[in-house]
Amino acid sequence: MNESVIKFEQFHQLQEDLCQQKIIDAKKKLKDDLVILGHHYQNESVYRHADFTGDSLKLAQYTQELEAKYIIFLGVHFMAEVSNILSRKDQVTILPDLSAGCQMADMADLQKVKRSYRELNKVLNFDQQITPITYINSAADLKAFCGDHDGIVCTSTNAPKILEWAFKQKEKVLFFPDQNLGRWTGHKMGIKLEQMVVWDPDLPSGGLSKEQIEQSKILLWKGHCAVHQMFRLEHIKKFREEYPGGFVISHPESPFEVCLNSDLVGSTEFILNTIKKAEPGTKWLVGTELNLVNRLANEMIKEDKMVKFMSHIICECSTMARIDPQHLSWVLDNLVNHKIVNEIVVPPTIAQSAKVALDRMLTVV
Ligand code: 13P
Ligand code: SF4
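Because the structure is a prediction, the values reported are computed rather than measured.

## Brief notes about the site of ligand 1
His39, Tyr41, Asp55, Ser56, Tyr135, Asn137, Ser156, His228, His251, Glu253, Ser267 and Thr268 make up every residue found near ligand 1. Glutamate 253 places a side-chain nitrogen or oxygen 2.7 Å from an oxygen atom of ligand 1. A distance of 2.6 Å is found between an oxygen atom of ligand 1 and a side-chain nitrogen or oxygen belonging to threonine 268. More than half of the atoms of ligand 1 fall within 2 Å of the grid points belonging to the largest cavity. Grouping the constituent residues of the shell around ligand 1 by class yields two nonpolar, eight polar and two charged.

## Observations concerning the packing of helix α13 (residues 268-277) against helix α14 (residues 290-301)
Where α13 contacts α14, the axes come no closer than 11 Å and their chain directions differ by 15 degrees. Between α13 and α14, the angle is such that the two are roughly parallel. Between α13 and α14 lies a crossing whose hand is right-handed. Across the interface between the two elements, Thr268, Ile271, Leu272, Ile275 and Lys276 from α13 touch Leu292, Leu296, Glu299 and Met300 from α14. Split into classes, the residues belonging to the contact of α13 with α14 amount to six nonpolar, one polar and two charged.

## A look at the environment of aspartate 333
Relative to the elements of secondary structure, aspartate 333 occurs in helix α15 (residues 325-336). For aspartate 333, a relative accessible area of 16% puts it in the buried group. For the pair formed by aspartate 333 and glutamine 352, sequence separation is 19 residues and the distance between their alpha carbons is 32 Å. In this view, aspartate 333 contacts Ile6, Phe11 and Lys22; residues no more than four positions away in its chain are not counted.

## Quick notes on the pattern of salt bridges
The final tally for this structure, using the stated rule, is 15 salt bridges. Residue glutamate 214 pairs with lysine 210 through a salt bridge whose shortest N-O separation is 2.7 Å. Residue glutamate 214 and its partner lysine 210 are both found in helix α10 (residues 210-215); the two are separated by four residues, about one turn of the helix. Overall, the relative accessible area of 38% leaves glutamate 214 in the partly exposed class. A salt bridge links lysine 238 to glutamate 242; the shortest N-O distance between them is 3.3 Å. Taken together, the positions of lysine 238 and glutamate 242, both in helix α11 (residues 233-242) and four residues apart, correspond to about one turn of that helix. By relative accessible area, glutamate 242 is classed as partly exposed at 43%. Via salt bridges that share partners, Glu67, Arg88 and Asp90 belong to a single interconnected network.

## Quick notes on the sheet that holds strand β11 (residues 264-265)
By definition, the strands of a sheet pair up through backbone hydrogen bonds, in either a parallel or an antiparallel sense. The sheet built from four strands is open, its strands ordered β11-β10-β12-β13 with parallel pairing. Across the chains shown, the open sheet's two edge strands, defined by having one partner strand only, are β11 and β13 (306-309). In the packing of α13 onto the sheet, contacts are made with β10 (247-250), β11, β12 (283-287) and β13, and the angle to β10 comes to roughly 155 degrees. Its contacts with the sheet place α14 against β12 and β13, and it is angled at close to 160 degrees to β13.

## Some thoughts on unusual backbone geometry
At the junction of phenylalanine 176 and proline 177, the peptide bond is cis and its omega measures out at -10 degrees in the coordinates. On the secondary structure map, proline 177 appears in the loop between β7 (172-176) and α9 (179-188). For aspartate 150, which is not glycine, the phi torsion reads 55 degrees and is therefore positive. Its location among the elements puts aspartate 150 in the loop between α7 (140-148) and β6 (152-154). Of note in the backbone geometry, histidine 338 takes a positive phi value of approximately 60 degrees without being a glycine. Assignment of secondary structure puts histidine 338 in the loop between α15 and α16 (348-364).

## What to know about the packing of aromatic side chains
Using the criterion set out here, one finds eight aromatic pairs in the structure. Relative to tryptophan 330, the ring of phenylalanine 8 has its centre 5.3 Å away and its plane inclined at 65 degrees; by these criteria the two rings are edge-to-face. Separated by 322 residues along the polypeptide, phenylalanine 8 in the segment before α1 (9-12) and tryptophan 330 in helix α15 bring together distant segments of the chain. For phenylalanine 8, a relative accessible area of 17% corresponds to the buried category. Classification of tryptophan 330 by relative accessible area gives buried; the value is 9%. The lysine or arginine in question, lysine 217, covers the ring of phenylalanine 167, its NZ or CZ lying 4.5 Å from the ring centre. The lysine or arginine in question, arginine 295, covers the ring of tyrosine 47, its NZ or CZ lying 3.5 Å from the ring centre.

## Thoughts on the sheet that holds strand β9 (residues 218-221)
What the five strands build is an open sheet, ordered β6-β5-β7-β9-β8; its pairing is parallel. Across the chains shown, the open sheet's two edge strands, defined by having one partner strand only, are β6 and β8 (196-199). Across this sheet, the average inter-strand angle for adjacent strands is 30 degrees, counted without regard to direction. Note that strand β5 (residues 130-135) and β7 share five bridges and pair parallel. Pairing of threonine 134 across the sheet is with phenylalanine 176, part of β7.

Analysis parameters
Residues numbered from 1 in each chain as written. Chains lettered and ligands numbered in written order. Predicted model: local features only at pLDDT ≥ 70, side-chain atom pairs only at ≥ 80, totals over all residues. Heavy atoms only, no water. Near = heavy atom within 4 Å. Polar contact = N/O pair within 3.5 Å; in protein donor to acceptor, adjacent residues only side chain to side chain. 1 Å grid on protein atoms, 1.4 Å probe; cavity = no way out; pocket = protein on both sides within 12 Å on 5 of 7 lines; lining within 4 Å. Sits in = over half its atoms within 2 Å of the grid points. Nonpolar A, V, L, I, M, F, W, Y, C, P; charged D, E, K, R; others polar. Axes fitted to C-alpha atoms, helices over the stretch in contact; angles between N-to-C directions. Helix = DSSP H or I, 4+ residues; strand = E, 2+ residues; numbered from the N terminus. Parallel < 35°, antiparallel > 145°, perpendicular 65-115°, else oblique. Left-handed = near helix turned anticlockwise from the far one by under 90°. Contact = heavy atoms within 4.5 Å. Buried < 20%, exposed > 50% of the residue type's maximum accessible area, 1.4 Å probe, protein only. Salt bridge = Lys/Arg side-chain N within 4 Å of Asp/Glu carboxyl O. Pairing = 2+ DSSP bridges. Phe/Tyr/Trp six-rings, centres within 6.5 Å; stacked < 30°, edge-to-face > 60°. Lys NZ or Arg CZ within 6 Å of the ring centre and 35° of its normal.

Below you can see the structure in the form of structure tokens.
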């Protein structure tokens, strides 16, 4: 089948307005056979074509309910994997550009997680006192590992509830790959910073002493999102000086001191809803990805609300940005011609165990 697919080279140089028209036409032809899901970090040039938009949790929940034969995911690889795992077997999930990954998700891999879990249990005398929690920003085999080891998945929306669940099961948590989300969520639950130690998977015993491991509640994987690391306390201070009545809202992937000095912290969906519901005339500094902030800023001008991006450096998520109108019109043109390109298929054994961890999460929230 692949021999007869339409090649991307034909779309690579296609002008934006032509791509836009092709996308509209293809959607009309495919009708109910197609649904397009879009994450809030997607560029406006493709986001506008999404039938449903959301944060990682909302999009995962949608994929369980969709009837369409084809699901095109405007997002990154782990999101499309979740869609494949949670959707029906006869549905097809497509990621328009296969190189749209997540740099943070790549900071943890199965080999390192397995080794870390083994080492931790050894220090703790194989008491199996640790629940592995993977942030949804992770490869499917890590979700499968959690499914197989009484663990669970969390998102930026439900991390507090998932940690609460985990502490009802066991004493400690191994949280990967985002240390910032783990630390912030633990802090909000009242866990002391000394009890949340960073586990460096590249060092023996994570670089920690036996005592540190024994006294810890959360072992935070040494991983982070480079996009959110751009946000700094100085940005908040400057904003507060300029706009004393303004509000600061951040994503929990931001550094701890940024979250600590924000008025509100939450997922992309939370950020959007909060600012949309806010009083006219309010001013907001937002610590999350640029595409979301720009779109929101443009929308909110009409309501006399000011929305400012937190960093002075332009930092968009470069992998999210790989989904462009050229790639979207290419996969759609193939579908119109009964060809499937860029299908995301998680191997069945991995999918089965990953689904256990995802289903646990979806039952808790
Ligand atoms: P949300 O689930 O809040 O949309 O976050 C996903 C993500 O990748 C943030 O960087
Ligand atoms: Fe991954 Fe960061 Fe991009 Fe989110 S913003 S998809 S965590 S690299």
